[in-house]
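Chain by chain, the residues run as shown.
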Amino acid sequence: IKQADGRYITFSILCVICYIMGESVCIWYLLRITRVETQFTHCCLYSFIGFFYSCITPSGSGGQPMQIIAMRKDHIPVGVSFVVLAIVTITYKMVLVLIGAIIIIIRPPELMLYLVDVLWIMYLGMALNVICVAVILILVFDPNLVRLIANKSSALLVRIHLIQNPHSFIARIENILNQYHGTAAYFRQYKTAIIHVLLITLIQRITLFSITWLTYLALNLNGTPALTIITLQAMISVAVDMLPLPGGMGISESLFLNIFLPIFGKFWVIAGMVISRGIGYYTQLFISGIMTILATVILKRKR
């Protein structure tokens with residue numbers, strides 16, 4: 001690790017920042033389409049909050065709820081923020097599904113050589129991502145189903161006496177559902193916006209996957225094309241993204257050591273894993289954590 005080239009380490013850290021900023025661009029762009037005015041710097045704060053809580057919760061499930069809370073403090077309607085973040089999540093997962101589907105269908109020999117021992121977990125990850133995308137698509141573009149779920153949930157909360165003023169609570173829920181319905185209908189007319197976000201997300205994802213290639217260069221290794229290394233790292237993300245582990249901890253490291261052993265060599269693969277994973281996950285966690293504290297202060301003051 002001491003022998004690693006610091007220039008590539010610096011580029012890798014910049015890739016993490018660009019990766020987080022990529023989501024900020026998507027959120028800002030979608031909010032602009034819905035005519036909700038907000039500062040781009042605040043969209044950056046939403047992204048830092050989302051990535052921090054995604055890093056520390058199973059399957060990244062805590063990111064979007066905490067972003068909705070932060071956006072609510074910024075006076076962005078919950079119905080709007082829910083749909084915007086759902087579209088961001090759909091495109092985020094869809095990129096992995098597309099990459100995984102292309103590799104699994106085409107099965108390029110130069111990649112399958114490294115994936116043959118871990119194909120079962122790749123298939124599991126693909127299936128979970130497809131299910132997740134399908135469920136979110138239904139929720140975004142079928143407001144009647146969301147209304148049914150919300151009404152059933154409200155009735156249950158009233159029945160078990162968790163709500164002191166049921167009429168006020170149901171009225172607020174109805175208001176949110178009306179906002180949600182209008183926003184979802186609006187996006188159905190602007191399908192090109194989703195395509196634009198998908199392209200931005202593709203670049204965003206490739207930026208993060210490139211950290212492994214930069215680590216390979218930092219260790220003064222050569223002989224394997226950048227596309228091969230980036231695609232293999234993408235397949236690791238396909239496998240672990242939806243597993244119920246915070247940040248895919250444990251399984252991500254295990255897959256890295258298994259897949260990249262022939263590429264890095266046994267004397268370098270652990271160093272490569274420590275650097276790549278340390279920057280791609282733990283540096284992201286650290287930066288997002290610091291910015292989440294800052295965001296809490298900024299949004300509290302504004303409120």
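To keep things clear, this report deals only with the structure shown in the data block. (Residues numbered from 1 in each chain as written. Predicted model: local features only at pLDDT ≥ 70, side-chain atom pairs only at ≥ 80, totals over all residues. Heavy atoms only, no water.)

Along the chain, Cys-132 turns up in helix 6 (residues 119-141). Each residue touching Cys-132, except ones within four places of it in the same chain, is listed here: Lys-93 and Met-242. (Helix = DSSP H or I, 4+ residues; strand = E, 2+ residues; numbered from the N terminus. Contact = heavy atoms within 4.5 Å.)

This part takes up the packing of aromatic side chains. Evaluation of the coordinates by the stated rule reveals 9 aromatic pairs. On the basis of an interplanar angle of 80° and a centroid distance of 5.1 Å, the ring pair of Phe-52 and Tyr-53 is categorised as edge-to-face. The exposure class of Tyr-53 is partly exposed, given its relative accessible area of 24%. Plain terms: the ring middles of Phe-256 and Phe-260 are 4.6 Å apart, the flat faces sit at 40° to each other, and that makes the pair tilted. In this pair, Phe-256 and Phe-260 are both assigned in helix 11 (residues 251-264), 4 residues apart and thus about one turn of the helix distant. Exposure class is identical for Phe-256 and Phe-260. Each is buried. An aromatic cluster is defined as three or more aromatic residues linked by ring pairs; in this entry it consists of Tyr-216, Phe-256, Phe-260 and Phe-264. Sitting above the plane of the Tyr-92 ring, Arg-205 keeps its charged end 3.5 Å from the centroid. A cation over a ring is seen here: Arg-277 above Tyr-281, with NZ or CZ 4.5 Å from the ring centre. (Phe/Tyr/Trp six-rings, centres within 6.5 Å; stacked < 30°, edge-to-face > 60°. Buried < 20%, exposed > 50% of the residue type's maximum accessible area, 1.4 Å probe, protein only. Lys NZ or Arg CZ within 6 Å of the ring centre and 35° of its normal.)

Take the pattern of salt bridges next. Taken as a whole and judged by the stated rule, the model has 5 salt bridges. Among the ionic pairs, Arg-7 bridges to Asp-5, the shortest N-O distance being 2.7 Å. Residue Arg-7 is classed as exposed on the basis of its relative accessible area, which comes to 57%. The buried category is assigned to Asp-5, whose relative accessible area is 16%. For Asp-241, the salt bridge identified is with Arg-205, shortest N-O distance 3.7 Å. With Asp-241 in the loop between helix 10 (226-240) and helix 11 and Arg-205 in helix 9 (residues 191-218), this pair connects stretches of sequence that are 36 residues apart. Each of the two residues, Asp-241 as well as Arg-205, counts as buried. (Salt bridge = Lys/Arg side-chain N within 4 Å of Asp/Glu carboxyl O.)

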